[in-house]
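# Remarks on the overall topology
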Amino acid sequence: MSQEISVCDIGSNHMLKLKNFELKSGILQSPMANCTDLPFRLVAREKGMKFAFLEMISAEALLYDTRTTREILKTVPEDRPLGAQLVGCNPDKMAEAGAMLEGMGFDWIDINLGCPVPKVTGKGGGSSLLKEPEVAREIFQKMAATVKKVPLTVKMRKGYSDESGEEAVLIAKYAEDAGLDAVTVHGRTREQGYSGKADYEAIRKVKEAVSIPVIGNGDVVDAESAERLRSMSGCDAVMIGRGGLGNPWIYREIEQVMNGGDQLPAPSLDEIKRTLLRHLELEIKYEERTALFQMRRVACWYFRQRPGVSDFREKINHSQSLDEVRHLIQNFE
Ligand SMILES: Cc1cc2nc3c(=O)[nH]c(=O)nc-3n(C[C@H](O)[C@H](O)[C@H](O)COP(=O)(O)O)c2cc1C
């Protein structure tokens with residue numbers, strides 16, 4: 001059942017090894033729908049991110065080759081290593097889609113048991129599987145039979161509405177029994193959505209219940225919060241979610257401190273603007289059709305800590321061209 005696993009400390013001097021996949025880091029970027037697209041990942045990699053996931057993909061949409069899915073799958077050789085995440089509730093289709101992703105060359109395949117969106121939960125996928133552990137178990141078993149070469153993992157919330165973390169513990173045990181390589185736990189319930197504080201104790205419960213690696217997730221925004229998650233939960237690796245939006249420096253910042261180095265200085269406004277302009281160029285290169293819409297959000301992520309952001313948001317939301325967006329970024333003070 002269990003494959004060779006070695007997980008050590010979290011910084012870049014250390015290693016996460018799942019099946020034959022080795023990562024010289026214990027810091028990962030989570031999948032985020034409409035956020036972790038190719039330009040996002042390329043900018044983050046340039047600033048030190050070592051591993052990312054695509055946005056979640058519906059198993060059925062993948063099998064039917066929809067246009068949206070092809071957009072999500074877009075990648076380039078320098079966008080590696082890269083994981084893909086499947087959402088769905090039909091064990092056979094999930095297994096078929098998993099095999100397809102493995103065949104496409106992704107380095108890691110994850111199963112989504114966290115998405116709270118009614119469009120997904122209404123069909124029985126995402127976090128609703130926390131209430132259907134037997135279906136989740138069948139998905140794990142069938143996928144483990146078709147995804148054999150690359151790591152197969154599950155990312156879940158700590159529970160649907162139950163606060164105790166016991167739902168996640170049961171799912172994690174099923175995952176381990178089915179031969180999955182690791183589990184990620186986001187320390188919130190489905191009912192909490194993205195509000196409230198992530199519960200690291202629930203992640204610890206999962207860590208104590210299984211011997212496969214546990215990746216902790218929730219509220220990591222800097223080195224201090226990453227260290228808090230690690231020490232409170234005992235997790236083997238840290239997954240960054242919203243903290244990576246508009247902050248591609250976060251991965252190096254955390255690694256530096258976890259490896260015993262000094263805190264890196266915060267990026268200057270000039271560096272932020274240069275990086276954001278790079279993000280803009282990559283949006284134009286790879287996502288031209290949606291670049292204007294996406295840049296209105298992306299630019300606000302980068303400036304969110306700055307006092308001028310509300311005024312900027314107002315202006316960028318009314319911008320009509322990418323030239324105008326570029327000009328607004330260059331002139332941000
Ligand atoms: C806009 C948005 C989209 C997300 N999309 C996904 C997704 O596709 N798959 C997934 O497993 N989690 C998704 N998440 C959840 C995040 O990956 C992460 O688990 C969650 O935000 C908690 O981490 P954080 O507190 O560090 O943000 C999404 C979250 C947000 C806010």
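### Comments concerning the overall build of the chain
- Along the backbone of the chain there are 14 helices and 12 strands.
- Its C-alpha radius of gyration of 19 Å places the chain within 12% of the 20 Å reference for a compact globule of 333 residues.
- Along the first, second and third principal axes, the C-alpha set of the chain runs to 55 × 45 × 35 Å.
- Among the 333 residues that make up the chain, the fraction classed as buried is 56%.
- In the chain, of all internal contacts separated by at least 6 residues, the share reaching a separation of at least 24 is 69%.
- Across the chain, 45 positive and 49 negative side-chain charges occur, with their mean positions spaced 2 Å apart.

### Digging into the pattern of salt bridges
- As enumerated under the stated definition, the model contains 26 salt bridges in all.
- Between Arg274 and Glu271 there is a salt bridge whose closest N-O contact spans 3.2 Å. One end of the pair, Arg274, and the other, Glu271, are both in helix α11 (residues 269-286), 3 residues apart, so they sit about a helical turn from each other.
- The exposure class assigned to Arg274 is exposed, which follows from its relative accessible area of 54%.

### Overview of the site of the ligand
- In the vicinity of the ligand lie 18 residues, with Ser30, Lys155, Asn217, Asp219 and Arg242 positioned nearest.
- Asn112 is positioned with one of its side-chain polar atoms (N or O) 3.4 Å from a nitrogen atom of the ligand.
- At a separation of 2.7 Å, an oxygen atom of the ligand approaches a polar side-chain atom of Arg242.
- Taking 610 Å² as the accessible area of the ligand by itself, protein coverage stands at 88%.
- Grouping the amino acids of the shell around the ligand by side-chain chemistry returns 7 nonpolar, 7 polar and 4 charged.

### With respect to the confidence of the model for the chain
- Predicted confidence across the chain gives a mean pLDDT of 95, with 96% of residues reaching 70 or more.
- Every residue in residues 1-8 scores below 50 in pLDDT, and together they form 23 contacts with partners more than four places removed in sequence or on other chains.

### A short note on the pairing of strand β10 (residues 182-189)
- Most of β10 sits inside the fold, with 8 of its 8 residues counted as buried.
- For the crossover that starts at strand β9 (residues 152-159), traverses helix α7 (residues 166-178) and ends in the parallel β10, the hand is right-handed.
- Here β10 pairs with strand β11 (residues 214-217) via 4 bridges, running parallel. Bridged to Val185 within β11 is Gly216.
- Assessed by its sense of winding, the connection that carries the chain from β10 through helix α8 (residues 200-209) to β11 is right-handed.

### Regarding unusual backbone geometry
- Backbone torsion omega between Arg80 and Pro81 reads -5 degrees, so that peptide bond is classified as cis.
- With respect to the helices, strands and loops of the structure, Pro81 is situated in the loop between α3 (67-72) and β7 (82-87).
- Unusually for a residue other than glycine, Asn34 sits at a positive phi of about 65 degrees.
- Judged by relative accessible area, which is 52%, Asn34 ranks as exposed.

### Some points on the packing of α11 against helix α12 (residues 291-302)
- Packing of α11 against α12 leaves a shortest axis separation of 10 Å and a crossing angle of 160 degrees. In terms of their interaxial angle, α11 and α12 are classed as roughly antiparallel. Crossing handedness for the pair α11 and α12: right-handed. Residues Ile272, Thr275, Leu276, His279, Leu280, Glu283 and Ile284 of α11 lie in contact with α12, whose contacting residues are Ala291, Gln294, Met295, Val298, Ala299 and Tyr302.
- Among the residues making up the contact of α11 with α12, the classes are represented as 9 nonpolar, 3 polar and 1 charged.

### A closer look at the environment of Gly187
- By secondary structure assignment, the location of Gly187 is in strand β10.
- Distance in space between the C-alpha atoms of Gly187 and Met232 is 12 Å, their sequence separation being 45 residues.
- Beyond its immediate sequence surroundings of up to four residues, Gly187 is in contact with Lys158, Gln192, Lys197, Ala198, Asp199, Ile203 and Asn217.

### Re the nonpolar core
- Formed by 92 residues in total, the largest nonpolar core has its most connected members in Ile111, Leu113, Phe140 and Val183.
- No other element matches the 8 residues that α12 contributes to this core.
- Apart from residues no more than four positions distant in its own chain, Val183 is found in contact with Val154, Met156, Ala172, Ala175, Val206, Ile212, Pro213, Val214 and Ile215.
- The next biggest cluster of nonpolar side chains, apart from the first, holds 12 residues, and it includes Leu23, Phe51, Ala237 and Met239.

Procedures and definitions
- Residues numbered from 1 in each chain as written.
- Predicted model: local features only at pLDDT ≥ 70, side-chain atom pairs only at ≥ 80, totals over all residues.
- Heavy atoms only, no water.
- Helix = DSSP H or I, 4+ residues; strand = E, 2+ residues; numbered from the N terminus.
- Rg over C-alpha atoms; globule rule 2.2 N^0.38 Å.
- Buried < 20%, exposed > 50% of the residue type's maximum accessible area, 1.4 Å probe, protein only.
- Contact = heavy atoms within 4.5 Å.
- Lys, Arg positive; Asp, Glu negative; His and termini not counted.
- Charge placed at Lys NZ, Arg CZ, Asp CG, Glu CD.
- Salt bridge = Lys/Arg side-chain N within 4 Å of Asp/Glu carboxyl O.
- Near = heavy atom within 4 Å.
- Polar contact = N/O pair within 3.5 Å; in protein donor to acceptor, adjacent residues only side chain to side chain.
- Areas by Shrake-Rupley, 256 points an atom, 1.4 Å probe, with all protein chains shown as cover.
- Nonpolar A, V, L, I, M, F, W, Y, C, P; charged D, E, K, R; others polar.
- pLDDT = per-residue confidence, 0-100.
- Right-handed = clockwise from strand over helix to strand, strands pointing away.
- Pairing = 2+ DSSP bridges.
- Axes fitted to C-alpha atoms, helices over the stretch in contact; angles between N-to-C directions.
- Parallel < 35°, antiparallel > 145°, perpendicular 65-115°, else oblique.
- Left-handed = near helix turned anticlockwise from the far one by under 90°.
- Core = buried A, V, L, I, M, F, W, Y, C linked by side-chain atoms within 4.5 Å.

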